[in-house]
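# Coordinates in review
This is what each chain is made of:
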Amino acid sequence: MELRHLRYFEAVAETLSFTKAAERVHVTQSTLSHQIRQLEEELGQPLFDRIGKRVSMTEAGETLLLNIGPALRQVDAAVHAIRDNETAVTGEIRVGTTQGFNIRLVPKCVSAFLNRYTSVRVVVEELPALQIIERLQEGSLDLGISYRPDVAHDLWFEQLYTEEMRLVVGMKHPMANRRRVRMTELHGLRIALFSRQFSTRQLLEDCFQAAGAVPLVIAEFNSIAAMLEVARNTDVAALIGASADTGDQELRFIPLEDPTPQRTPGLLWRRGIPRPMTVKYFATMIRRGVGKGL
């Protein structure tokens, strides 16, 4: 038994006409008749008496109508509540995100969100992780998409997944054909890194120290796009998160090991502060985007 069977039955019961009922539920009369027969077969008894063109309800039909009415009204109320809730979603969301997530994940999620909630305004700021924490604490951001903070803050962190850092090189680089690279092999290698304002820089410094490697840092950037461009056009390698890999055929993203630099991306917001529905819905959109591999 499906919901449509009950709706079709109710339409016939209220009109006592298969023709009028079919018009009400927007199906052909033959389809309606077939669905009612299916319902009667499942219940094991007739719901209507059909005498010529006259239609009347049986005792079983009267009993069914009496009991399904409240249930159908509850279903209708639930559907309207959902639709009204989506329509009522308005206002502004202020989101802080680090660069890697603003290449693909955040723009795609914002697009999907705005297509669904047309009355909401989304403000996205691309910021270093430490600034996202500061802006969340002062209340000028509603949601952060960043990495797990190194120090405990009055923020709630929800892990999304684990991201590895990659060695990024151009196709002419000596390591371009490598499947994996050990951290110790970066000793003396010409590389470009994030500037020290980024928490990722300290993560990489710790991994270099653990491997006993001292690379030749000849360039520092605060832009992923800039580092990718340098790697594409020179013999300088870059260390960038795997989320920045867009499939560019002129670049190789090579896994690192011994140790593997890893970061933990997630959602950040202030503890003890009620979150508007707009923020909750956008956070759900980000979770779905991660689940789809954006």
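What counts, and where the lines are drawn
- Residues numbered from 1 in each chain as written.
- Predicted model: local features only at pLDDT ≥ 70, side-chain atom pairs only at ≥ 80, totals over all residues.
- Heavy atoms only, no water.
- Helix = DSSP H or I, 4+ residues; strand = E, 2+ residues; numbered from the N terminus.
- Contact = heavy atoms within 4.5 Å.
- Axes fitted to C-alpha atoms, helices over the stretch in contact; angles between N-to-C directions.
- Parallel < 35°, antiparallel > 145°, perpendicular 65-115°, else oblique.
- Nonpolar A, V, L, I, M, F, W, Y, C, P; charged D, E, K, R; others polar.
- Left-handed = near helix turned anticlockwise from the far one by under 90°.
- Pairing = 2+ DSSP bridges.
- Phe/Tyr/Trp six-rings, centres within 6.5 Å; stacked < 30°, edge-to-face > 60°.
- Buried < 20%, exposed > 50% of the residue type's maximum accessible area, 1.4 Å probe, protein only.
- Arc of directions from axis to C-beta.
- Polar contact = N/O pair within 3.5 Å; in protein donor to acceptor, adjacent residues only side chain to side chain.

With that settled, consider the environment of Leu193. Structurally, Leu193 can be placed in strand 9 (residues 190-194). For the pair Leu193 and Met57, spaced 136 residues apart in sequence, the C-alpha to C-alpha distance is 79 Å. The contact partners of Leu193, leaving out residues within four places of it in the chain, are Arg201, Leu204, Phe208, Val217, Ala219, Glu220, Phe221, Met227 and Leu239.

Looking now at the packing of helix 1 (residues 3-15) against helix 3 (residues 29-43). In the contact formed by helix 1 and helix 3, the axes pass within 9 Å of each other and the chain directions differ by 110°. As summarised for this structure, helix 1 and helix 3 are arranged roughly perpendicular, according to the angle between their axes. Across the interface between the two elements, Arg4, His5, Tyr8, Phe9 and Val12 of helix 1 pack against Leu32, Gln35, Ile36, Gln38 and Leu39 of helix 3. A class-by-class count of the residues in the contact of helix 1 with helix 3 yields 6 nonpolar, 3 polar and 1 charged.

The N-to-C vectors of helix 1 and helix 2 (residues 18-25) enclose an angle of 130°; their axes lie 8 Å apart at closest approach. What the angle tells us is that helix 1 and helix 2 run oblique. In this structure, the crossing between helix 1 and helix 2 has a hand that is right-handed. Within the contact between the two elements, helix 1 uses Arg7, Tyr8, Ala11, Val12, Glu14 and Thr15 and helix 2 uses Phe18, Lys20, Ala21, Arg24 and Val25. Taken together, the residues that form the contact of helix 1 with helix 2 break down as 6 nonpolar, 1 polar and 4 charged.

Here we take up the sheet that holds strand 4 (residues 120-126). The strands making up a sheet associate through hydrogen bonds between their backbones, and the pairing can be parallel or antiparallel. If you trace the 5 strands from one edge of the open sheet to the other, you get 4-3-5-14-6, paired in mixed fashion. Of all strands in the sheet, those with a lone pairing partner are strand 4 and strand 6 (155-159), marking the two edges. Each adjacent strand pair in this sheet contributes to an overall mean axis angle of 25°, direction not counted. In this structure, strand 3 (residues 91-97) lies alongside strand 4, joined through 7 bridges in parallel fashion. Among the inter-strand pairings, Thr97 is bridged to a residue of strand 4, identified as Glu126.

This next bit is on the packing of aromatic side chains. Here the structure, examined in full by the defined rule, presents 7 aromatic pairs. Arranged with centres 5.4 Å apart and planes meeting at 85°, the rings of Phe113 and Phe282 form a pair that is edge-to-face. Taken together, the residues span a long stretch of sequence, with Phe113 in helix 5 (residues 105-116) and Phe282 in helix 9 (residues 277-291) at a distance of 169 residues. Both residues of the pair, Phe113 and Phe282, count as buried. Here the aromatic rings of Tyr117 and Tyr281 are separated by 5.2 Å at their centres, their planes lie at 10°, and the arrangement is stacked. With Tyr117 in the loop between helix 5 and strand 4 and Tyr281 in helix 9, this residue pair connects regions lying 164 residues apart in the sequence. Using a relative accessible area of 4% as the deciding quantity, one classes Tyr117 as buried. For Tyr281, a relative accessible area of 17% corresponds to the buried category. Put simply, the rings of Phe113, Tyr117, Tyr281 and Phe282 touch in pairs and so form one group of aromatic residues.

Below, the discussion takes up helix 2. Given 3.6 residues to a turn, an α-helix orients residues that are three or four positions apart in the same direction. Those residues of helix 2 lying buried are Phe18, Ala21 and Ala22. Down the axis, helix 2 shows its buried residues gathered within 100° of arc, on one side only. Exposed residues lying more than 90 degrees from the buried face of helix 2 are Lys20 and Glu23. Buried-residue contacts for helix 2 involve helix 1, helix 3, strand 1 (48-51) and strand 2 (54-57). Backbone geometry just downstream of helix 2 places His26 in the positive-phi region, at approximately 65°.

Glancing now at the environment of Arg50. Relative to the helices and strands, Arg50 resides in strand 1. By relative accessible area, which is 40% here, Arg50 ends up partly exposed. Along the chain, Arg50 and Leu16 lie 34 residues apart, while their C-alpha atoms are 9.9 Å from each other. Those residues in contact with Arg50 that lie beyond four places of it in its chain are Phe18, Ile36 and Glu40. At 3.5 Å, the side chain of Arg50 and the side chain of Glu40 are in polar contact. A distance of 3.4 Å separates a polar side-chain atom of Arg50 from the backbone oxygen of Phe48.

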